[in-house]
Every structure is written in C-alpha cells, then in structure tokens.
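# Analysis of the macromolecular model
Residues per chain are reported as follows:
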Amino acid sequence: MNPHALPTEAILNAAAHLLRPLVRLLLRVGITFPLLADRLRLLFVEVAAASLAEKARTDSRISLATGIHRKEIRRLREAGQGAPVPALVEPSAVTLTSAILSRWLGTLGESPIEGEVPSLPRVAAEGPSFETLVRSVTKDVRPRAVLDDWLAQGIVALDAEDRVRLNTFAFVPLPGAEAQLFYFGRNLHDHLAAASANVLAAEAAPFPDLSLHYDRLSAPAAAALEAAARAGAARLLRDLNRRAAAIAAEDDAPGEKGLTRRVNLGVYLYVADDVEKGPEA
C-alpha cells in the first residue's frame, strides 16, 4: 500500500543507508536485533493506530497497515505491551542549561572581539554577572552549583580575573551522558521528520534540508574546511539565538493563548573518508 506512489525500493535503500550508523551504535552498546525488533513492532503498531480515525483502529486495520499479524497485535494488547513507546523526556539539567545559555547569548550582547565567546564576572555589585544570570533563570539551584557543574563539563572556564568565560556557543554534553542521548534522539528525530515531510509533500518541500559537501579532498584541505564550517556554524547559531530570544521575549506574554509551536534549527558536520572506499558506509 503506497498511496503516494513513491519508489518503495529507493526508500528502503535510503532507510538502510541512514540506519547503518544507528545499527553500528546499537551493536557497540550490546543492543541486539531481537531487542530492537520488539521496540519496532510496538512502534509500527502505535504509529499506524495514530494515523487512523479512532473508530477505525481495529486490529484488522492495523494489521493491514503494518503487516503484523492480528494475533500478534492482540497478544501485545492483552500482555499490556500495547502502550505507547516511551516518549523522549528532556532531563532537567538540559532544560536549565539551555535556558541559562540562551539568556546569556541572546540578551547580554556580544563579546567586544569578533568571534570571541562572551564572558561575565562571576559576581558583581552591579551590572550583569554569572550569579545574577543564573538567578534570573532559577531560584532553585545555587549559581555556584551551576558554575561547578559547568566547570566540570568544560562548558565554561574561570579566568584569573574571576570572570566566567564560555568555551562554546552551544551546550555540548559529555559523551554518553543523559543529556547527550536526549539531544541525539530529539535532533535526529526532527531532522528525519523534516526530511520525511519533504518526501511526502504534494507541492513544494515545507522545510529546508540543505547541505554543502565536497569530496576528493586532501586531509589538510578537509581540515581547513572543517574549521571554517565549525566557525560558520557557531556564528549562525549565535546570531539566530539572539534574534530568537528577542522574538520569544515578545511572544511569551502571561496568559497568552496558542503557545504550542516549537522550532528546532540544527547544524551538523561530518568528515570521513569517501563512503565508497571506507568501512563507514
């Protein structure tokens, strides 16, 4: 059943290609095919049911849409496994860190030196400081606790003048941390959701999904392009964050109705040997 008359084989090939890095990750952490298959079975049932009108959500209709036998769908339901696949939950540390960074970069102005990350005095009798920044976002966590956590993660550094300097324009969690896995799931989900919406669009693609790519480069040339890309991405996110903070501040009025939309803009960079020549295909 392909109501959009899309090339099934081409979509399967593309899906296999985009899933290859995910399969490599799952194997590295010990998640086997049966574990993934069980989760995918639940997901196929959940997504198919959500696409049907409530009265049409019969086992037969779901079976027809998914290819999963009706007996298996009934078994999942009777075993209590028909509940929705657990949603991705944003860790509280991510919420707090993102809010503080957004306010720092979005409302406190630029560094006087182009391209330099901004810094704040740790404490100050008047004017902006890291302490007042944290207190403007939360009263539940002490600024010193936030600072110590950020120092441990390498998000900031404390210089000889007792100024807190950002080491990055974005929150980059430690590898394997709960926060990193949250962003892993959310950002790749949103990129794939945008790309899928473009594939299914009847007219113009609704979302930009663009990339710049060069191959047949020497290692030094690739390194130079990577450095330029990292700097350009930081500028883009810094400038757009400042604009976004201003828009959000005007939009988030008390009692305002319709505050239900979300926007996620991502930038990615990948450098490797040519796929045709290396093991990372």
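So, here's what we can say about the structure.

Rules used throughout
Residues numbered from 1 in each chain as written. Predicted model: local features only at pLDDT ≥ 70, side-chain atom pairs only at ≥ 80, totals over all residues. Heavy atoms only, no water. Phe/Tyr/Trp six-rings, centres within 6.5 Å; stacked < 30°, edge-to-face > 60°. Helix = DSSP H or I, 4+ residues; strand = E, 2+ residues; numbered from the N terminus. Buried < 20%, exposed > 50% of the residue type's maximum accessible area, 1.4 Å probe, protein only. Core = buried A, V, L, I, M, F, W, Y, C linked by side-chain atoms within 4.5 Å. Contact = heavy atoms within 4.5 Å. Pairing = 2+ DSSP bridges. Axes fitted to C-alpha atoms, helices over the stretch in contact; angles between N-to-C directions.

With the rule as written, the count across this model stands at three aromatic pairs. When the ring of Trp104 is compared with that of Phe130, the centres are 6.0 Å apart and the planes differ by 65°; the resulting orientation is edge-to-face. With Trp104 in helix 5 (residues 92–107) and Phe130 in helix 6 (residues 130–137), this pair connects stretches of sequence that are 26 residues apart. Like Phe130, Trp104 is buried. Relative to Trp150, the ring of Phe130 has its centre 5.7 Å away and its plane inclined at 70°; by these criteria the two rings are edge-to-face.

In summary, soluble globular proteins display a tendency toward joint burial of nonpolar side chains. The biggest cluster of nonpolar side chains holds 15 residues, and the ones touching the most others in it are Trp104, Phe130, Trp150, Val156 and Leu166. Elements represented by at least two residues in this core include exactly helix 5, helix 6, helix 7 (143–153) and strand 3 (163–166). Per element, the largest residue contribution to this core is four residues, and it comes from helix 5. When neighbours within four sequence positions are excluded, Phe130 is seen to be in contact with Trp104, Leu120, Pro121, Arg122, Pro143, Val146, Leu147, Trp150 and Val164. Grouped together as the second largest cluster of nonpolar side chains are 10 residues, Ala48, Leu52, Ile62 and Ile73 included.

Before going further, it helps to spend a moment on the environment of Arg242. Here Arg242 lies in helix 9 (residues 219–251). C-alpha of Arg242 to C-alpha of Arg103: the two residues are 139 residues apart in sequence and 8.6 Å apart in space.

This next bit is on the sheet that holds strand 3. Pairing in this open sheet of three strands is antiparallel, and the strands run 1-3-2 from one edge to the other. The open sheet is flanked by strand 1 (119–121) and strand 2 (156–158), the only strands paired with a single partner. The average undirected angle you get between the axes of adjacent strands in this sheet is 25°. As judged from the three bridges shared by strand 1 and strand 3, these two strands associate in the antiparallel manner. The partner of Pro121 across the bridge, within strand 3, is Arg163. Sheet contacts for helix 7: strand 2 and strand 3; angle to strand 2, the most-contacted strand, approximately 105°.

Remember, this is a structural readout, not a statement about activity or role.
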